[in-house]
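Chains, contacts and geometry: an overview
This is what each chain is made of:
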Amino acid sequence: MLSSLGGVLFDGFAYGMLLFLLSVGLSVTLGMMNFVNLAHCSFAMVGGYATVTLVGKFGWPFLATLPMAFILAALLSIPLERILYRRLYRASDLDQCLLTIGIVFISVAAFAWFYTTEQQSTQVPAWLQGSVKIGGMSFAAYRIFLIVLGLAVTALLIFLLERTRFGATVRAAVDNQRMARGLGIDVDRAFMFTFALGGGLAGLGGALAIQVVGLDPTFALSYLVYVLIVVAVGGLGSIGGSFAAATVLGISDMAGKYYFPWLGAFLIYLVMVALLMWRPVGLFGKR
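Description of the structure in this document. Quick caveat, the model's predicted, so the values are computed rather than measured.

**Here we look at unusual backbone geometry**
- The phi dihedral of threonine 116 falls on the positive side, at around 65 degrees, and the residue is not glycine.
- Following the sequence through the fold, threonine 116 ends up in the loop between α4 (93-115) and β1 (131-134).
- Residue class for threonine 116 comes out partly exposed when judged on its relative accessible area of 39%.

**With respect to the side chain of threonine 194**
- Locating threonine 194 in the fold gives a position in helix α8 (residues 187-213).
- For threonine 194, the residues in contact, after removing those within four places along its chain, are Val28, Thr29, Met33, Phe166 and Val170.

**Comments concerning the nonpolar core**
- With 80 residues, the main nonpolar core has Tyr142, Val153, Leu208, Phe219 and Val233 as its most contacted residues.
- A total of 12 residues in this core trace back to one element, the largest contributor, which is helix α1 (residues 2-33).
- With sequence-adjacent residues up to four places away left out, tyrosine 142 is seen in contact with Phe62, Val124, Leu128, Ala207, Leu208, Gln211 and Val212.
- Core analysis: the next-biggest nonpolar cluster, separate from the first, contains 6 residues, Phe10, Ala14, Met17 and Phe139 among them.

**A closer look at a nonpolar patch on the surface**
- A surface patch of nonpolar side chains, amounting to about 650 Å² of accessible area, comprises Leu5, Leu9, Tyr258, Tyr259, Phe260 and Trp262.
- Along the chain, phenylalanine 260 falls in the loop between α11 (239-259) and α12 (267-278).

**Here's the deal with helix α3 (residues 62-83)**
- Spanning 22 residues, α3 covers 32 Å between terminal C-alpha atoms, matching the ideal 32 Å at 1.5 Å per step.
- Taken together, the buried positions of α3 are occupied by Phe62, Thr65, Leu66, Ala69, Ala73, Ala74, Ser77 and Glu81.
- Considering only its buried residues, α3 is in contact with α2 (40-56), α5 (141-163) and α8.

**Examining α4**
- Taking 1.5 Å per residue, 23 residues should reach 33 Å; α4 reaches 32 Å between its end C-alpha atoms and fits that length.
- Turning to α4, its buried residues number three or more, namely Gln96, Thr100, Ile103, Val104, Ser107, Val108 and Phe111.
- The inward-facing, buried residues of α4 abut α2 and α9 (219-222).

**Some remarks on the environment of glycine 199**
- The topology assignment puts glycine 199 in helix α8.
- For glycine 199, a relative accessible area of 4% gives the class buried.
- Residues glycine 199 and leucine 26, 173 residues apart in the sequence, show an inter-C-alpha distance of 8.1 Å.
- With residues near it in sequence (within four places) discarded, glycine 199 still touches Phe43, Ala73 and Ala74.

**Overview of the pattern of salt bridges**
- This structure, assessed with the given rule, holds 4 salt bridges.
- For arginine 181, the salt bridge identified is with aspartate 188, shortest N-O distance 3.5 Å.
- You can call aspartate 188 partly exposed: its relative accessible area is 29%.
- Between aspartate 253 and lysine 257 there is a salt bridge; the shortest N-O distance is 3.1 Å. Of the two residues, aspartate 253 and lysine 257 are both situated in helix α11; the distance of 4 residues between them amounts to about one turn of the helix.
- The class for lysine 257 is partly exposed, based on a relative accessible area of 42%.

**Examining the pairing of strand β2 (residues 137-140)**
- Burial along β2 is one-sided: the face carrying Met137 and Phe139 is buried and the face carrying Ser138 and Ala140 is not.
- Summarising the sheet, β1 and β2 pair through 4 bridges and their orientation is antiparallel. Looking across to β2, one finds that lysine 133 is bridged to serine 138.

**Re the packing of aromatic side chains**
- Tallying each qualifying case throughout the model produces 18 aromatic pairs.
- Ring centres 5.7 Å apart and planes at 90 degrees place the aromatic pair phenylalanine 35 and tyrosine 89 in the edge-to-face group. Of this pair, phenylalanine 35 sits in the loop between α1 and α2 while tyrosine 89 is found in the loop between α3 and α4, placing the two residues 54 residues apart along the sequence. One exposure class covers both phenylalanine 35 and tyrosine 89, and it is buried.
- Counting every residue linked through ring pairs, the aromatic cluster contains Phe35, Phe43, Tyr85, Tyr89, Phe191 and Phe195.

**Quick notes on the environment of aspartate 253**
- You can call aspartate 253 buried: its relative accessible area is 1%.
- Note: C-alpha distance between aspartate 253 and alanine 220 (33 residues apart in sequence) is 20 Å.
- In this structure aspartate 253 touches Tyr15, Ala265 and Ile268, once residues within four positions along its chain are discounted.

Analysis parameters
- Residues numbered from 1 in each chain as written.
- Predicted model: local features only at pLDDT ≥ 70, side-chain atom pairs only at ≥ 80, totals over all residues.
- Heavy atoms only, no water.
- Helix = DSSP H or I, 4+ residues; strand = E, 2+ residues; numbered from the N terminus.
- Buried < 20%, exposed > 50% of the residue type's maximum accessible area, 1.4 Å probe, protein only.
- Contact = heavy atoms within 4.5 Å.
- Core = buried A, V, L, I, M, F, W, Y, C linked by side-chain atoms within 4.5 Å.
- Patch = residues over 30% accessible without salt bridge, like charges linked within 9 Å, V, L, I, M, F, W, Y side chains within 5 Å.
- Areas by Shrake-Rupley, 256 points an atom, 1.4 Å probe, with all protein chains shown as cover.
- Salt bridge = Lys/Arg side-chain N within 4 Å of Asp/Glu carboxyl O.
- Expected span 1.5 Å × (residues − 1).
- Pairing = 2+ DSSP bridges.
- Phe/Tyr/Trp six-rings, centres within 6.5 Å; stacked < 30°, edge-to-face > 60°.

Keep in mind that these numbers describe shape and distance, not what the molecule does.
This is the structure in structure tokens:
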């Protein structure tokens, strides 16, 4: 019993870290920029397919593709933000949803055209394929890697957005654009870099998700619901909230599938409803 419980907690926490990496970029853009970007997981697909291409066709090592997945997704997000998203910063939520869900459908069709609809896989280093025995229990090496990377990204984001000039600039631009411009802050540039950061984090999450949940052109729709759940439960713009929500939801989902298989993946929705009834603005939300 203790062995199975430890395994469920470990696998659930690792899955939660994957959900966190996929959703934290949306938490940044939605919470700090007040923009409903339903195309967030399309940037995750960019990172995922970049990794598949670099490893499969060009022979890159898996770890070397992770920063490239971040960079390519971030670079793609910049022209989209400049050309499309910027026009709708002051538009209604409905207009933002219609634009971004349209981008989702376009991305699904584009990746299906170039990569077919088959599930994609990629080769990871040998040291990430096995398991590690700790205290008589075996833990998958790749999931340990996910946990360590998720914790590192959390610490880095909190420092970047809470302790640096960049984070102060973005928060000032969001709170009062007119005052920020009067102080000499380039609001448009701050929003561009913030959006690129969110897109890059999605690309990183998409690259890491291949080994756990797979990758196909429907990824942008399949995992959009999970990403939105994490952001809603964690609270808009809260890195710590997204981390806590992803952890709780990941463990709940894994425990439900293990202990209550008749519920399937439905338990995560019950947990979401219960948490939002208790905290309608999210675990760490302020508005």
